Amino acid sequence: MTTRLTTNSPLSLSGLFAWLLVAFSAAAVGAIASVDAAAFYGQLVRPSWAPPAGAFGPVWSVLYALMGVAAWFVWRAGRRHVAALAIFVVQLVVNALWSWLFFAWRLGALAFIDALILFGLIVATILLFWRASRLAAVLLLPYLAWVGFACALTWAVWKRNPGLLT
């Protein structure tokens, strides 16, 4: 007798691929707005604790991978967790919007508000994911920490650059 994998099977690699694709699609939308981000970031007055421009790509790549895997764990837990996945998708949209607000449109105040909203949505996602998969929730903790840091950095950079960010 052969075992047939379904889309809801714990062993389903297609489900994992799909959730990674969802997460990295948000990354791609943000990346479009960030084409000139390194040059713009280099022009900004930044606090001494700001990371170099080259640090953001690798950090975000790891975080998006963790997000995709976390969502996959929740998806595997069943349909009763559809609200958790819906909030997950909403926070991805808010995440991608930040790059447009900050880098493309140079709206520092709105980027800061977006970052705060994103932080709250990540907290909500973690709480909802916890009910479906504790591992999924734990996988989002580095993301929460990074976005908390990003909130502080967005505020600091916005306040130091009134001529470049409104």
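These remarks concern the structure in this document. Keep in mind it's a predicted model, so treat the numbers as computed, not measured.

Quick notes on the rules
- Residues numbered from 1 in each chain as written.
- Predicted model: local features only at pLDDT ≥ 70, side-chain atom pairs only at ≥ 80, totals over all residues.
- Heavy atoms only, no water.
- Helix = DSSP H or I, 4+ residues; strand = E, 2+ residues; numbered from the N terminus.
- Buried < 20%, exposed > 50% of the residue type's maximum accessible area, 1.4 Å probe, protein only.
- Contact = heavy atoms within 4.5 Å.
- Areas by Shrake-Rupley, 256 points an atom, 1.4 Å probe, with all protein chains shown as cover.
- Core = buried A, V, L, I, M, F, W, Y, C linked by side-chain atoms within 4.5 Å.
- Phe/Tyr/Trp six-rings, centres within 6.5 Å; stacked < 30°, edge-to-face > 60°.
- Lys NZ or Arg CZ within 6 Å of the ring centre and 35° of its normal.
- Lys, Arg positive; Asp, Glu negative; His and termini not counted.
- Salt bridge = Lys/Arg side-chain N within 4 Å of Asp/Glu carboxyl O.
- Axes fitted to C-alpha atoms, helices over the stretch in contact; angles between N-to-C directions.
- Parallel < 35°, antiparallel > 145°, perpendicular 65-115°, else oblique.
- Left-handed = near helix turned anticlockwise from the far one by under 90°.

**Some points on the overall build of the protein chain**
Okay, step 1: When helices and strands are counted, the protein chain shows seven helices and zero strands.
Okay, step 2: Order of helices (α) and strands (β) in the protein chain, N terminus to C terminus: α-α-α-α-α-α-α.
Okay, step 3: Structurally, the protein chain occupies a C-alpha span of about 70 × 25 × 25 Å along its principal axes.
Okay, step 4: Evaluated residue by residue, the protein chain yields a buried proportion of 42% over its 166 residues.
Okay, step 5: In the protein chain, 78% of the contacts between residues at least 6 apart in sequence involve partners at least 24 apart.
Okay, step 6: As presented, the protein chain carries roughly 8,900 Å² of accessible surface, and 72% of it is formed by carbon and sulfur atoms.

**Describing the nonpolar core**
Okay, step 1: Counting 49 residues, the largest nonpolar core has Met 67, Phe 102, Phe 129 and Tyr 143 as its most contacted members.
Okay, step 2: Contributions of two or more residues to this core are made by α1 (13-33), α2 (37-43), α3 (53-76), α4 (82-104), α5 (108-132), α6 (134-139) and α7 (141-160).
Okay, step 3: In this structure, Phe 129 is in contact with Ala 70, Ala 71, Val 74, Ala 84, Leu 85, Phe 88, Arg 134, Ala 136, Ala 137 and Leu 140, ignoring residues within four places of it in sequence.

**Points about unusual backbone geometry**
Okay, step 1: Non-glycine residue Arg 106 carries a positive phi angle of around 55°.
Okay, step 2: Here Arg 106 falls in the partly exposed class, since its relative accessible area comes to 32%.

**Focus: the packing of aromatic side chains**
We describe a pair of aromatic rings using the distance from one ring centre to the other and the angle between the two ring planes.
Okay, step 1: Tallied over the full model, the rule gives 19 aromatic pairs.
Okay, step 2: Between the aromatic rings of Phe 24 and Tyr 64, the centroid separation amounts to 5.9 Å while the plane-to-plane angle is 45°, which identifies the pairing as tilted. You can see Phe 24 sitting in helix α1 and its partner Tyr 64 sitting in helix α3, a full 40 residues away along the chain.
Okay, step 3: Judged by its relative accessible area of 6%, Tyr 64 falls in the buried class.
Okay, step 4: By the ring-pair criterion, three or more aromatic residues cluster together here, those being Tyr 41, Trp 49, Phe 56, Trp 146 and Phe 149.
Okay, step 5: The ring of Tyr 41 is capped by Arg 46, whose NZ or CZ atom sits 4.6 Å from the centre of that ring.
Okay, step 6: Of note, Lys 159 hangs over the ring of Trp 158, and the distance from its end group to the ring centre comes to 4.2 Å.

**Re the side chain of Asp 114**
Okay, step 1: With respect to the element layout, Asp 114 can be found in helix α5.
Okay, step 2: Of the side chains with opposite charge, Arg 106 comes closest to the buried, unpaired Asp 114, at an N-O distance of 16 Å.

**Things to note about the packing of α3 against α7**
Okay, step 1: Two elements in contact, α3 and α7, have axes whose closest approach is 10 Å; the angle formed by their N-to-C orientations is 140°. Here α7 runs oblique to α3, going by the angle between their axes. As for how α3 packs across α7, the hand of that crossing is left-handed. Contacts from Phe 56, Val 59, Trp 60, Leu 63, Leu 66 and Met 67 in α3 reach Pro 142, Tyr 143, Trp 146, Val 147 and Leu 153 in α7.

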